[in-house]
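Overview (structure and organization)
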Amino acid sequence: MRFTLRQLAVFLETARTGKISQAAERLNLSQSAASNALKELERQYGILLFDRVGKRLVLNDLGRAIRPRAEALLDQAEDLEQDLLQQTDLGELKVGATLTIGNYLAVGILTQYRSEHPNARIGLEVANTSQVVDKVANFELDIGMIEGEVNHPDLELIPWKNDELVIICAPDHPWAGRPWLTDEDLVRARWILRESGSGTRQAFDRAMHGLLARFEPPLELQHTEAIKRAVEAGLGLGCLSMLTLREAFARGSLVPLPVNHRPMDRQFYLVLHRNKFRSRAIEQWINLC
């Protein structure tokens, strides 16, 4: 076997970042050492794994083909090292979560994970669904927790929790207290919504199928709390997860508006790369979820 684990590590970090300098920084190597490791890997087999596009290195067809197996091999090597060191704590885990899940569910799971494995290295990155999915597909995250559905040949979706979206208004809005909204009401409303690419927006657009072409362009905000504040101020209607609204309903600062004829339920998912080795850390996180 002519390749080394260091060569694979340099190859994989370069695939993630597109730059030898960033790969070297992440691996605590000098740039020359990282560059030499990648060159030697290619020289030993008489191959090229990257195309140079401007200042970036982009995986070619061969590089893309071997990347998943190299990722799995390096993950297994790290897992083996934990066993050889006879460490009871788990290896590093990188988790991604969408905004709703990250703010209202993931922190509780993270707290339990750390209580059971106090020395474990774990990072939680919060972004919208499309960003989390892209990072799982690019092996930058070990596992994602998302609100939206995705169709990606390299990713596996595990159904996790059910959720419900709720349309909301301020308590002094003219429609507050109405028993339901009609489609004409929905078309006439001024909307304050999450941005495109978020799971919440995806579910809202699906629920409003057949009406969206008649909607006025909504005010788009990237944060749940900003949407709640804007709706409370009377700027329009919003649509958010019930998870994010319980306290506001209890305070009376927001009011739900029933839309019984529109499907407002949705599914949360765990998302993993199909070729990702399921380390003990990943399996433990899935069990806690």
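Scroll up to find the structure this text is about.
Residues numbered from 1 in each chain as written. Predicted model: local features only at pLDDT ≥ 70, side-chain atom pairs only at ≥ 80, totals over all residues. Heavy atoms only, no water.

All told, the structure shown has six aromatic pairs when counted by the stated rule. Above the plane of the ring of W175 lies R178, whose end atom (NZ or CZ) is 5.6 Å from the centre. (Phe/Tyr/Trp six-rings, centres within 6.5 Å; stacked < 30°, edge-to-face > 60°. Lys NZ or Arg CZ within 6 Å of the ring centre and 35° of its normal.)

Among the structural elements, R52 can be located in strand β1 (residues 50-53). R52 gets classed as exposed once you look at its relative accessible area, which sits at 61%. (Helix = DSSP H or I, 4+ residues; strand = E, 2+ residues; numbered from the N terminus. Buried < 20%, exposed > 50% of the residue type's maximum accessible area, 1.4 Å probe, protein only.)

The interhelical angle for the contact between helix α1 (residues 5-17) and helix α3 (residues 31-45), taken along N-to-C directions, is 105 degrees, at an axis separation of 9 Å. One finds that α1 runs roughly perpendicular with respect to α3. Residue-level inspection shows Q7, V10, F11 and T14 of α1 in contact with α3, the latter providing A34, A37, L38, E40, L41 and Q44. The residue makeup of the contact of α1 with α3, split by class, is six nonpolar, three polar and one charged. (Axes fitted to C-alpha atoms, helices over the stretch in contact; angles between N-to-C directions. Parallel < 35°, antiparallel > 145°, perpendicular 65-115°, else oblique. Contact = heavy atoms within 4.5 Å. Nonpolar A, V, L, I, M, F, W, Y, C, P; charged D, E, K, R; others polar.)

On to the pattern of salt bridges, then. If you walk through the whole model with that rule in mind, you get 25 salt bridges. Taking the shortest distance from any N to any O, the salt bridge between R26 and E13 comes out at 3.5 Å. Pair noted here: R26 is in helix α2 (residues 20-26) and E13 is in helix α1, with a separation of 13 residues, a long-range link. Judged by its relative accessible area of 12%, E13 is buried. Residue E195 is joined to R194 by a salt bridge in which the shortest nitrogen-to-oxygen separation is 3.0 Å. Looking at R194, the relative accessible area reads 2%, which means it is buried. Where salt bridges share partners, they join E13, R16, R26, R67 and E71 into one cluster. (Salt bridge = Lys/Arg side-chain N within 4 Å of Asp/Glu carboxyl O.)

Turning our eyes to something else, we now look at the side chain of T244. As for its position among the elements, T244 is in the loop between β9 (237-241) and α10 (246-251). A distance of 2.8 Å separates a polar atom in the side chain of T244 from the backbone oxygen of S241. When near neighbours in sequence (up to four residues on either side) are disregarded, T244 contacts T100, Y104, T224 and K228. (Polar contact = N/O pair within 3.5 Å; in protein donor to acceptor, adjacent residues only side chain to side chain.)

All right, on to unusual backbone geometry then. Look at N28: it is not a glycine, yet its phi comes out positive at around 55 degrees. Accessibility expressed as a relative area gives 73% for N28, which makes it exposed. Positive phi is not limited to glycine here, since F139 has a value of about 60 degrees. On the secondary structure map, F139 appears in the loop between α6 (129-137) and β5 (143-146).

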